[in-house]
Amino acid sequence: MTVTALDPRTALVVIDLQAGIVAAPTQPHTGAEVVTRTAELADAFRARDLPVVLVRVSFAADGADTVPGRTEASRPGGTLPEGWDVVVGELAGHPGDITVTKRNWGAFHGTDLDVQLRRRGVTQIVLTGIATSIGVESTARAAHEHGYHVTLATDAMSDLDAEAHRSSLERVFPRLGERGSTAEILELLAKAHD
C-alpha cells in the first residue's frame with residue numbers, strides 16, 4: 001500500500017462515470033468494474049458525511065462550448081446520443097452529492113470545483129473515473145497544483161488504452177499523490193473516521 005493517510009476532510013471526486021463513457025471498451029478494468037468500486041467508495045464517504053463530487057462532461061447541442069484549437073488527433077463528430085452525459089444510476093440520486101459539469105478534460109478549469117471543495121474545508125481528494133490518462137490525470141494535475149493531497153484509486157479507474165493507463169499510474173501519478181486500491185482506501189477511511 002502506498003497510500004498512507006486520509007485527511008479528516010477528504011472528498012471523493014468521480015470523473016466522467018456517465019452513460020456514454022462507461023459504455024466504452026476500457027482497459028484494464030471494465031466500466032462496470034470501475035462503477036462498482038467507485039460506488040463502494042461513494043457509499044463509505046457518504047456514511048461518514050464526507051463530500052462526494054460527481055463530475056460529468058457535457059457540451060451544448062451545437063458544440064459551441066467545446067474546447068477549440070487545432071490538434072493532430074481527430075475529434076468525434078456528429079450529434080452525441082441522448083443521455084450520453086447522464087451520471088450512471090449506481091452513483092446518481094444522492095441529494096448531498098455535488099455535481100460539477102465540465103467542458104474540458106480536467107474538472108477544475110472553468111468549473112466551481114475548487115470553490116465547492118474549499119468551502120467544505122477539503123484538503124485531500126480521492127480520484128476515480130474514466131479515462132485514467134485524460135480526465136483523471138488532468139484533474140489530478142490541477143488538484144496537485146491547487147495544493148490538495150491527491151489519492152488515486154488505481155482499481156477504480158480505467159482507460160481506452162492500456163498503455164496510457166499504465167503510463168499514468170506508473171510515471172505520472174507518483175509525482176502527484178499517492179496510489180492505492182479501493183480496499184486500501186476503504187481500510188484507511190475506516191481507521192480515520194470510525
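Residues numbered from 1 in each chain as written. Predicted model: local features only at pLDDT ≥ 70, side-chain atom pairs only at ≥ 80, totals over all residues. Heavy atoms only, no water.

**Regarding the environment of tryptophan 105**
To be explicit about the condition: Segments assigned H or I by DSSP are reported as helices when at least four residues long, segments assigned E as strands when at least two residues long, and all are numbered from the N terminus. We call two residues contacting when some pair of their heavy atoms lies within 4.5 Å.
The residue tryptophan 105 is located in the loop between strand 3 (98-102) and helix 3 (113-119) in this model. C-alpha of tryptophan 105 to C-alpha of isoleucine 134: the two residues are 29 residues apart in sequence and 6.1 Å apart in space. Among residues more than four places away in sequence, those in contact with tryptophan 105 are Ile134, Gly135, Ser138 and Thr139.

**Remarks on the sheet that holds strand 2 (residues 52-57)**
Under the convention used in this document: Strands are treated as partners if at least two bridges between them are detected by DSSP. The angle between two axes is taken between their N-to-C directions and runs from 0 to 180 degrees, where each axis is a line fitted to C-alpha atoms and a helix contributes only its stretch in contact.
One open sheet accounts for six strands, arranged 3-2-1-4-5-6; its pairing is parallel. Looking at strand neighbours, the two that pair on one side only are strand 3 and strand 6 (178-180), the edges of this open sheet. Geometrically, the sheet is characterised by an average inter-axis angle of 25° between neighbouring strands, direction not taken into account. In this sheet, strand 5 (residues 149-158) lies alongside strand 4 (residues 124-130) in parallel orientation, the contact comprising six bridges. Residue pairing in the sheet places valine 126 in a bridge with threonine 151 of strand 5. Against the sheet, helix 2 (residues 31-47) engages strand 1 (10-15), strand 2, strand 4 and strand 5, with an angle of about 140° to strand 5.

**Quick notes on the pattern of salt bridges**
Where charged atoms from two side chains of opposite charge come close, those side chains can pair. Applicable threshold: Criterion for a salt bridge: a side-chain nitrogen of Lys or Arg within 4 Å of a carboxyl oxygen of Asp or Glu. Only protein chains enter the accessibility calculation, which uses a 1.4 Å probe; a residue whose area is less than 20% of its type maximum is buried, one above 50% is exposed, and one in between is partly exposed.
Enumeration over the complete set of coordinates arrives at ten salt bridges. Between glutamate 137 and arginine 141 there is a salt bridge, with its nearest N and O atoms 2.8 Å apart. Taken together, the residues span about one helical turn, with glutamate 137 and arginine 141 both in helix 4 (residues 132-145) at a distance of four residues. The exposure class assigned to glutamate 137 is buried, which follows from its relative accessible area of 12%. For glutamate 187, the salt bridge identified is with lysine 191, shortest N-O distance 3.3 Å. Taken as a pair, glutamate 187 and lysine 191 lie in helix 6 (residues 182-193) at a separation of four residues, close to a single helical turn. Residues joined in a network through salt bridges with shared partners are Asp43, Arg46 and Asp97.

**Some details on the packing of aromatic side chains**
Heads up, the rule is: Two rings from Phe, Tyr or Trp (for Trp, the six-membered ring) form a pair when their centres are within 6.5 Å of each other. A pair whose planes differ by under 30 degrees is stacked, one over 60 is edge-to-face, and the rest are tilted.
Evaluated as defined, the whole model comprises one aromatic pair. Centroid distance phenylalanine 108 to tyrosine 148: 6.0 Å. Interplanar angle 35°. Geometry classified as tilted. Placement of the pair is phenylalanine 108 in the loop between strand 3 and helix 3 and tyrosine 148 in the loop between helix 4 and strand 5, with a sequence separation of 40 residues. In this structure phenylalanine 108 comes out as buried when scored by relative accessible area, which is 7%. In this structure tyrosine 148 comes out as buried when scored by relative accessible area, which is 4%.

**Looking at the side chain of serine 168**
Filter applied, for reference: We define a polar contact as two N or O atoms separated by no more than 3.5 Å, with the added condition that, inside protein, one atom must be a possible hydrogen donor and the other a possible acceptor, whereas residues neighbouring each other in sequence contribute only through side-chain atom pairs.
As for its position among the elements, serine 168 is in helix 5 (residues 162-176). Within the structure, the side chain of serine 168 is placed 2.5 Å from the side chain of glutamate 137, a separation counted as a polar contact. Filtering out sequence-adjacent residues up to four positions away, serine 168 remains in contact with Thr132, Ser133, Glu137, Phe173 and Pro174.

**Overview of the nonpolar core**
Heads up, the condition is: To define a nonpolar core, start from buried Ala, Val, Leu, Ile, Met, Phe, Trp, Tyr and Cys residues and group those joined through side-chain atoms within 4.5 Å.
Of all hydrophobic cores here, the largest spans 30 residues; its most connected members are Leu12, Leu17, Phe45, Leu91, Val126 and Ile185. Counting only elements with at least two residues in this core, the list comes to strand 1, helix 1 (19-22), helix 2, strand 2, strand 4, strand 5 and helix 6. With seven residues, helix 2 is the single largest residue contributor to this core. Leaving out residues up to four positions away in the same chain, valine 126 has contacts with Leu6, Thr10, Ala11, Leu12, Val13, Phe45, Thr151, Ala153 and Ile185. Among the nonpolar cores identified, the runner-up in size contains 26 residues, and Ala140, Tyr148, Val150 and Leu176 belong to it.

Everything listed here is a matter of coordinates, which is why it stays silent on function.
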